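Listed below, chain by chain, are the residues.
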Amino acid sequence: MKKILLLTVILISNLSFGQNFPGNDVNLLLDKEIKVKEKDESLQKYGYDHFYKNDKMKKKYDCCESYNSKYAGLVGKVFKVLSAEPYKNIIGTEKYKLKIENAETGIIYFDYDPKYEHSFPFEVIGGLDLPDDFYCKKIETTTDKFDGKTTSRTGYSEGISFIKVTKDGSSKIYMSVNEIGSTINVGKKGLILLLENGKKIERPNADLDTKVNKGGRGYVYSAFIELTQAEIDLIIENKITDNRLYIYDGEIKNGQKLSEYLKCLNK
């Protein structure tokens, strides 16, 4: 169960491997077709949030299932993105009004937040045409003013992030993996990553930290490991498809994103 909440080919111009969420590069969605994704059966009763009848963003489209748009009225529908207008909501959050069109619904609007991938309910048909530096420019780097150590961090994607620490000309790359477990187990060990080429990265002695899942049910199991260069090369060339912490498994749906992040850090 995966919680809500990095190619050996040289890229000459653009990437296009099914990435759906452009973050702040919202203009990448213009003129694209986007399809409303299905929800787990247990969540369908809540419908879809952030769809509105007009650009005033006051009245929900096809309301209401728990004050949201009805699930049956949107699931599977394909929209064309006509425009993306920046605006600030009443608390000053910078967002975008996506003007989208479907033959059945006509023109409606989606309240797009560039910070939260989990709130974007669409699949971009054909993927986004990403510029070469799309992932690299999302990595945050800080420098310690006392010892000159630099730390570069990727954002979390499906519970996984990477950290590169450089000091005195030497660098190390670390990986953080989080997974949800339904039961409490303390002092357990073990991390396994499955790769697209059928190979595994196994760390049976990886220590696991266990915390209560404040965002939902169960517990969060976490591993933090230093990657070898061989492991880095494997992940860059073969996307991660699944992870296991102790006995708790999770599927990685966008492993290519993780590979691209790691490629940036490995330069």
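The model shown is predicted, which means the values in this text are computed figures rather than measured ones.

Asks: Got a sec to walk through the overall build of the protein? Specific residues and values, please.
Replies: The secondary structure content of the protein amounts to two helices and 19 strands. Taken over the C-alpha trace, the protein has a radius of gyration of 20 Å; the compact-globule value for 267 residues is 18 Å, and the two agree within 12%. Based on the C-alpha atoms only, the size of the protein along its principal axes is roughly 55 × 45 × 40 Å. Taking all 267 residues of the protein together, the buried fraction comes to 42%. If you sum the accessible surface of the protein, you get close to 15,100 Å²; carbon and sulfur atoms cover 48% of it. If you average the places of the 42 positive and of the 39 negative side-chain charges in the protein, the two averages end up 4 Å apart.

Asks: Can you break down the pattern of salt bridges residue by residue, with the values?
Replies: Per the counting criterion, the structure on display carries twelve salt bridges. Here D147 makes a salt bridge to K167, at a shortest N to O gap of 3.8 Å. Here D147, found in the loop between strand 11 (140-143) and strand 12 (150-153), pairs with K167, found in strand 13 (residues 160-167); they are 20 residues apart in sequence, far enough to count as distant. K239 is paired through a salt bridge with E196; the nearest N and O atoms lie 3.9 Å apart. With K239 in the loop between helix 1 (229-237) and strand 18 (240-245) and E196 in the loop between strand 15 (189-195) and strand 16 (200-212), this pair connects stretches of sequence that are 43 residues apart.

Asks: An account of unusual backbone geometry is needed here, citing residue identities and associated values.
Replies: With an omega of 20 degrees, the peptide bond between C63 and C64 qualifies as cis. Structurally, the position occupied by C64 is in strand 4 (residues 63-65). With a phi angle near 80 degrees, H50 is a residue other than glycine that sits in the positive phi range. With respect to the helices and strands, the residue H50 is situated in the loop between strand 2 (33-36) and strand 3 (51-52). Here the phi dihedral of Y246 falls at roughly 60 degrees; this positive angle occurs in a residue that is not glycine.

Asks: Give a description of the packing of aromatic side chains that names residues and reports values.
Replies: What the rule picks out here adds up to 16 aromatic pairs. Every member of this aromatic cluster is reached through a ring pair, and the members are F21, Y48, F51, Y71, Y96, F110, Y112, F120 and F122. Directly above the aromatic system of Y48 lies the positively charged group of K39, at a separation of 5.0 Å from the ring centroid. One Lys or Arg, K138, reaches over the ring of F134 and ends 4.6 Å from the middle of that ring.

Asks: Pulling in residues and values, what's your account of the confidence of the model for the protein?
Replies: When pLDDT is averaged along the protein, the result is 90, and 93% of the positions lie at 70 or above. Counted against residues more than four places away or in other chains, residues 1-18, with its pLDDT under 50, gives 60 contacts.

Asks: Account for the environment of Q229, naming residues and giving values.
Replies: Mapping Q229 onto the fold places it in helix 1. For the pair Q229 and G92, spaced 137 residues apart in sequence, the C-alpha to C-alpha distance is 43 Å.

Asks: Could you give an account of the pairing of strand 15, with specific residues and numbers?
Replies: The two faces of the sheet receive side chains in turn, since in a regular strand these alternate between them. The pairing of strand 15 with strand 16 spans five bridges and is antiparallel. Looking at the pairing, L193 lines up with I201 of strand 16. Count of turn residues in the strand 15/strand 16 antiparallel hairpin: four residues, of which G198 carries a positive phi of about 90 degrees. In this structure, strand 15 lies alongside strand 18, joined through five bridges in antiparallel fashion. What sits directly across from L195, in strand 18, is I240.

Asks: How would you explain the state of the cysteines if you had to name every residue and give the values?
Replies: Taken as a whole and judged by the stated rule, the model has two disulfides. C63 shares a disulfide with C64; S-S distance 1.3 Å. Across the disulfide from C63 to C64, rotation about the S-S bond amounts to roughly 85 degrees, and the bridge is consequently right-handed. On the basis of relative accessible area, C63 is assigned to the partly exposed category, the value being 31%. Here C136 pairs with C264 through a disulfide, and the sulfurs are 2.1 Å apart.

Asks: Can you break down the packing of helix 1 against helix 2 (residues 255-265) residue by residue, with the values?
Replies: Remark: helix 1 packs on helix 2, axes separated minimally by 8 Å, with the N-to-C direction vectors making an angle of 135 degrees. With respect to each other, helix 1 and helix 2 are oriented oblique. The handedness of the crossing between helix 1 and helix 2 is left-handed. Where helix 1 approaches helix 2, its residues I232, I235 and I236 are matched on the opposing element by S259, L262 and K263. Taken together, the residues of the contact of helix 1 with helix 2 sort by class into four nonpolar, one polar and one charged.

The rules behind these values
- Residues numbered from 1 in each chain as written.
- Predicted model: local features only at pLDDT ≥ 70, side-chain atom pairs only at ≥ 80, totals over all residues.
- Heavy atoms only, no water.
- Helix = DSSP H or I, 4+ residues; strand = E, 2+ residues; numbered from the N terminus.
- Rg over C-alpha atoms; globule rule 2.2 N^0.38 Å.
- Buried < 20%, exposed > 50% of the residue type's maximum accessible area, 1.4 Å probe, protein only.
- Areas by Shrake-Rupley, 256 points an atom, 1.4 Å probe, with all protein chains shown as cover.
- Lys, Arg positive; Asp, Glu negative; His and termini not counted.
- Charge placed at Lys NZ, Arg CZ, Asp CG, Glu CD.
- Salt bridge = Lys/Arg side-chain N within 4 Å of Asp/Glu carboxyl O.
- Phe/Tyr/Trp six-rings, centres within 6.5 Å; stacked < 30°, edge-to-face > 60°.
- Lys NZ or Arg CZ within 6 Å of the ring centre and 35° of its normal.
- pLDDT = per-residue confidence, 0-100.
- Contact = heavy atoms within 4.5 Å.
- Pairing = 2+ DSSP bridges.
- Disulfide = S-S within 2.5 Å.
- Axes fitted to C-alpha atoms, helices over the stretch in contact; angles between N-to-C directions.
- Parallel < 35°, antiparallel > 145°, perpendicular 65-115°, else oblique.
- Left-handed = near helix turned anticlockwise from the far one by under 90°.
- Nonpolar A, V, L, I, M, F, W, Y, C, P; charged D, E, K, R; others polar.

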